[in-house]
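Residue-level listing of the chains:
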Amino acid sequence: MDINYKDLALPVSQRFTAALTEELGNVSVSTSAVTLNFRDPSYSAETGGFHPVEIRLERRGDAFDIIYITDFAYIGIGPFAELVKELDFDFQSGVFQNLHGIFPIETGYDIYRIWEGNFLHYLVALNPFETIVSESD
């Protein structure tokens, strides 16, 4: 499965798309969209852990485009903690969202580079995630 990573508003690396392709395994080549959910089963508001991440891919011709990458985190304390979008890189809409607001996607350039490096380290070196792949047409 090919995932487009060139000519995006953010510096998505080939290493990142290769890691996603590996996670996708034998996903049907006929599907028009795929959502990957990365979850650390031990992540909680009380003990912390690795943030859940959701990545949406949609077919464009012979390859898939990255539609969005969302990193979730617990905000709040104890029973009042709520799982919310901490970072959202929405390539389709051209916006970057964090806890401070919504901005043009290019605003997230530097934080994306840091986020991607950390995510790849966690995924490859530490492997804390259970990955769920959902296909849709």
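Here the structure is a predicted model, which means the values were calculated and not measured. (Residues numbered from 1 in each chain as written. Predicted model: local features only at pLDDT ≥ 70, side-chain atom pairs only at ≥ 80, totals over all residues. Heavy atoms only, no water.)

## Here we look at unusual backbone geometry
Residues apart from glycine generally show negative phi values, whereas peptide bonds are mostly found in trans.
Link 1 in the chain: Notably, aspartate 7 is not glycine yet its phi reads approximately 60°, a positive angle.
Link 2 in the chain: Structurally, the position occupied by aspartate 7 is in the segment before α1 (14-24).
Link 3 in the chain: With relative accessibility at 83%, the residue aspartate 7 sits in the exposed group.
Link 4 in the chain: Positive phi values are uncommon outside glycine, yet asparagine 127 reaches one of about 50°.
Link 5 in the chain: By the element assignment, asparagine 127 lies in the loop between α2 (109-126) and β7 (130-136).
Link 6 in the chain: Classification of asparagine 127 as exposed rests on a relative accessible area of 51%. (Helix = DSSP H or I, 4+ residues; strand = E, 2+ residues; numbered from the N terminus. Buried < 20%, exposed > 50% of the residue type's maximum accessible area, 1.4 Å probe, protein only.)

## Some remarks on the packing of aromatic side chains
Link 1 in the chain: Under the criterion given, the structure shown has 14 aromatic pairs.
Link 2 in the chain: Ring centres 5.0 Å apart and planes at 10° place the aromatic pair tryptophan 115 and phenylalanine 119 in the stacked group. With tryptophan 115 and phenylalanine 119 both in helix α2 and 4 residues apart, this pair spans about one turn of that helix.
Link 3 in the chain: Taken together, the aromatic side chains of Phe16, Phe38, Phe50, Phe89, Phe96, Phe103, Tyr112, Trp115, Phe119, Tyr122 and Phe129 make up a single cluster linked through ring pairs. (Phe/Tyr/Trp six-rings, centres within 6.5 Å; stacked < 30°, edge-to-face > 60°.)

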